[in-house]
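Coordinate inspection notes
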Amino acid sequence: MLFVAVCSDKPGMLDTRVSNRPTHVAWMEGTGGAVKLAGPFLDDTGQNPIGSMLIVEAADLAAAKAMLAEDPYAKLGIFASVDVKPWRVGIGKLG
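Residues numbered from 1 in each chain as written. Predicted model: local features only at pLDDT ≥ 70, side-chain atom pairs only at ≥ 80, totals over all residues. Heavy atoms only, no water.

1. With respect to the packing of aromatic side chains
As enumerated under the stated definition, the model contains one aromatic pair in all. Consider the rings of Tyr73 and Phe79, whose centres lie 6.2 Å apart with planes at 75°: the pair is edge-to-face. A relative accessible area of 1% places Tyr73 in the buried class. (Phe/Tyr/Trp six-rings, centres within 6.5 Å; stacked < 30°, edge-to-face > 60°. Buried < 20%, exposed > 50% of the residue type's maximum accessible area, 1.4 Å probe, protein only.)

Listed below in structure tokens is the structure:
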């Protein structure tokens, strides 16, 4: 089952986010393909990340939330909120 996670950064977390991006990317790459699609939300200038959106595959909502809790950004406390919902492709395709 697919889930979409919408993660909003706390104010003032840009430096922490940027300096820890390699660890975050390595975590996503190490999920065995469970992270299907991911990328940052950007500020109004289109330059600075202010959150993340991930589409993940997991057995159920609890498993998706458990996996997302292992994201280094989550462990570092970068996110003010993380909203996870079941999701399916309506138009287009993943991968």
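Let's pick the thread back up.
2. Observations concerning the pattern of salt bridges
Scanning the entire structure with this criterion turns up four salt bridges. Put simply, Lys75 and Glu70 hold a salt bridge, and the shortest N to O gap is 2.9 Å. Residue classification places Lys75 among the exposed residues on the basis of a relative accessible area of 56%. The partner of Asp83 in a salt bridge is Lys85, with the nearest N and O atoms 4.0 Å apart. Judged by relative accessible area, which is 41%, Asp83 ranks as partly exposed. Note on Lys85: relative accessible area 45%, which makes it partly exposed. (Salt bridge = Lys/Arg side-chain N within 4 Å of Asp/Glu carboxyl O.)

3. Quick notes on helix α2 (residues 21-29)
Restricting attention to buried positions, one finds in α2 the residues His24, Val25, Trp27 and Met28. Along α2, the residues classed as buried sweep out an arc of 155° about the axis, all on the same side. Exposed and oriented more than 90 degrees from the buried face of α2 are Pro22 and Glu29. Where the residues of α2 are buried, they touch β2 (35-42), β3 (49-57), α3 (61-69) and α4 (72-75). (Helix = DSSP H or I, 4+ residues; strand = E, 2+ residues; numbered from the N terminus. Arc of directions from axis to C-beta. Contact = heavy atoms within 4.5 Å.)

4. Description of the nonpolar core
With 19 residues, the main nonpolar core has Trp27, Leu54, Val56 and Leu68 as its most contacted residues. At the level of elements, β1 (2-9), α2, β3, α3 and β4 (79-87) are the ones that each hand at least two residues to this core. Trp27 has contacts with Val35, Leu54, Met67, Leu68, Glu70, Asp71 and Pro72, leaving out every residue within four places of it along the chain. (Core = buried A, V, L, I, M, F, W, Y, C linked by side-chain atoms within 4.5 Å.)

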